[in-house]
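Okay, here's what each chain looks like letter by letter:
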Amino acid sequence: MYSFLTTENWDDYELVDSGNFEKLERFGQYYVARPEPQAIWDKHLPEQEWQRMANAVFTRDKNSTEKGQWQLKKGMPEQWYINYNYNDLKLRFRLGLSSFKHVGLFPEQDSNWKFIYDTTRRLQTPQPKVLNMFAYTGAATLAAKAAGADVTHLDSVKQVNFWARDNMEASNLDNVRWIVEDAMKYARREVKRGNTYNGIILDPPSYGRGPNGEKWQLENELNEMVKLCRELLDKTDFFLLINLYSIGFSAMILDNLMRETFGEQVQNEELGELYLHDNGNRRLPLGTFFRFSSVGR
């Protein structure tokens, strides 16, 4: 089943406009303008309206494709909180303006958080074990934790794990296992130990570094990582979710890789793209995903 999924019914988030390689978003009461390489069309709103609305604008440094500076209007904080509600799931996230244009949250992941929460609650294991690798600031971690899972949260950046812990405490949750480690090394060790998980969540970057300089290159490492996950995933009561944001990385690659690796374990599968819709009715693509589970939807 191929799906196009978007973020819906979130009072504290809105993609206001996109175009000319930028996007204008509302997080809570604040409006943020930042680069977006896939928004190749024209803006819907005039430039003056962007300037009027934006409380913070990110500008790249001349000699960098990633790093840059934020220009803040008076009254715009560098950190603030927003809420996220879905049925009984109630989370709270701390946002912040980083030097790499990010704010600590990827709103297009809304449908994946809902999948994690709903699927974890339907698993038969009383307290299912969930492993979240490349876990960033922990929204997926908290969705699984709120659903009753025993969660291991792994990211290679210590400061990001501290940020995720802040989100856990703000969401009135506790007892997440925090690990600062290279994901590949950890997965290999877990396989050797014979450990398994009922749920595995993967959101790997195109390129990254482990805490000791270990190199991650998506196209070179993903095949081995998925094979390790096959060994780590419980064979009877399970779900797996993988999400990729990499321009030019087709969803068919995920489809081939997951079916080849997991074979008949792929059940109730869903493949597709995540996007955000702006107020000009344009759809901004922001990644591909593949997910499957033993319990359906």
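Residues numbered from 1 in each chain as written. Predicted model: local features only at pLDDT ≥ 70, side-chain atom pairs only at ≥ 80, totals over all residues. Heavy atoms only, no water.

An unreviewed UniProt entry lists the protein chain under the name Oxidoreductase, with Pontibacter diazotrophicus given as the organism.

1. Notes on the overall build of the protein chain
Stated formally: We count a stretch as a helix when DSSP gives it H or I for four or more residues in a row; a strand needs E for two or more, and each element gets its number in order from the N terminus. Throughout, radius of gyration means the C-alpha value; the globule benchmark is 2.2 Å times the number of residues raised to the power 0.38. Relative accessible area decides the class of each residue, using a 1.4 Å probe on protein chains only: under 20% of the type maximum gives buried, over 50% gives exposed, and in between gives partly exposed.
Looking only at helices and strands, the protein chain features seven helices and 17 strands. Taken over C-alpha atoms, the radius of gyration comes to 19 Å for the protein chain, in line with the 19 Å a tight globule of 297 residues would show. Its C-alpha atoms give the protein chain principal-axis dimensions of roughly 55 × 40 × 40 Å. The burial tally for the protein chain puts 55% of its 297 residues in the buried class.

2. Remarks on the environment of P211
To keep it simple, the criterion reads: Note on contacts: a residue pair qualifies if any of its non-hydrogen atoms lie within 4.5 Å across the two residues.
Note that P211 resides in the loop between β13 (207-209) and β14 (215-217). Between the alpha carbons of P211 and P46 there is a distance of 44 Å; along the sequence they are 165 residues apart. In contact with P211, not counting residues within four places along its chain, are S156, V180, E181 and D182.

3. Description of the domain arrangement of the protein chain
Heads up, the condition is: Each domain's extent is set by a domain assignment, obtained either automatically or from a database. Take the accessible area each of two parts loses on contact, using a 1.4 Å probe, and add the two losses: that sum is the buried area. Salt bridges, as used here, are contacts in which a Lys or Arg side-chain nitrogen is within 4 Å of a carboxyl oxygen on Asp or Glu. Between N or O atoms, a polar contact is any pair within 3.5 Å; within protein, one atom must be a potential hydrogen donor and the other a potential acceptor, and residues adjacent in sequence are included only when both atoms are from side chains.
Here the protein chain is described as being made up of domain 1 (7-79) and domain 2 (106-293). The interface is formed by 20 residues belonging to domain 1 together with 18 residues belonging to domain 2. Summing the contributions of domain 1 and of domain 2, the shared interface buries around 1,600 Å²; its carbon and sulfur component is 56%. Viewed at the interface, domain 2 and domain 1 are joined by one salt bridge. Here R282 makes a salt bridge to D17, at a shortest N to O gap of 2.8 Å. At the boundary of domain 1 and domain 2, one finds ten residue pairs in polar contact (both at pLDDT 80 or more). Those elements that provide at least two residues to the side of domain 1 that touches domain 2 are β2 (13-19) and β3 (22-27). At six residues, β2 tops the list of elements feeding residues into the side of domain 1 that touches domain 2.

4. Quick look at the packing of aromatic side chains
By convention here, two paired aromatic rings are described through the distance between centres and the angle between planes. Here is the rule: Any two of the Phe, Tyr and Trp rings considered here, Trp counted by its six-membered ring, make a pair once their centres fall within 6.5 Å; the pair's planes then place it as stacked at under 30 degrees, edge-to-face at over 60, or tilted in between.
If you walk through the whole model with that rule in mind, you get 16 aromatic pairs. Their ring planes at 65 degrees and their centres at 5.4 Å tell us that Y2 and F4 sit as a pair that is edge-to-face. Here F4 falls in the partly exposed class, since its relative accessible area comes to 46%. Their ring planes at 80 degrees and their centres at 4.9 Å tell us that W10 and Y84 sit as a pair that is edge-to-face. Of this pair, W10 sits in the loop between β1 (2-6) and β2 while Y84 sits in strand β7 (residues 79-86), placing them 74 residues apart in sequence. Exposure class is identical for W10 and Y84. Each is buried.

5. Some points on the sheet that holds strand β6 (residues 68-72)
As a reminder of what qualifies: Only strands joined by at least two bridges in the DSSP assignment are considered to pair. Simply put, an axis is a line fit to the C-alpha atoms, just over the touching stretch for a helix, and the angle between two N-to-C directions goes from 0 to 180 degrees.
In spatial order, the strands read β2-β3-β4-β5-β6; together these five strands make up an open sheet with mixed pairing. Two strands lie at the open edges of the sheet, namely β2 and β6, each paired on one side alone. On average, each strand axis in the sheet is tilted by 20 degrees relative to the strand beside it, whichever way the strands run. Pairing of strand β5 (residues 56-60) with β6 involves five bridges; the strand directions are antiparallel. What sits directly across from V57, in β6, is Q71.

6. Structural notes on the sheet that holds strand β15 (residues 239-244)
Pairing in this open sheet of eight strands is mixed, and the strands run β1-β16-β17-β15-β12-β9-β10-β11 from one edge to the other. Whereas interior strands pair on both sides, the edge strands pair on one side only; in this sheet they are β1 and β11 (177-180). For this sheet, the mean inter-axis angle between neighbouring strands, taken without regard to orientation, is 20 degrees. Strand contacts of helix α3 (residues 139-146): β9 (129-133), β10 (150-155) and β12 (199-202), with the helix running at about 170 degrees to β10, the strand carrying the most contacts. The sheet contacts of helix α7 (residues 251-262) involve β1, β15, β16 (270-277) and β17 (283-293), and relative to β17 the element is tilted by about 10 degrees.

7. Overview of the nonpolar core
Our working definition: Here the nonpolar core consists of buried residues drawn from Ala, Val, Leu, Ile, Met, Phe, Trp, Tyr and Cys, with membership extended through side-chain atoms lying within 4.5 Å.
Among the nonpolar cores identified, the biggest contains 46 residues, and W80, F93, W113 and I116 are the most heavily contacted of them. Among the elements that line this core, the one with the most residues is α3, at five residues. For this core, the two domains that each supply at least three residues are domain 1 (7-79) and domain 2 (106-293). In contact with W80, not counting residues within four places along its chain, are F27, Y30, V32, F93, R94, L95 and L97. If you look at the next biggest cluster of nonpolar residues, it comprises 35 residues, including M133, F134, A183 and A187.

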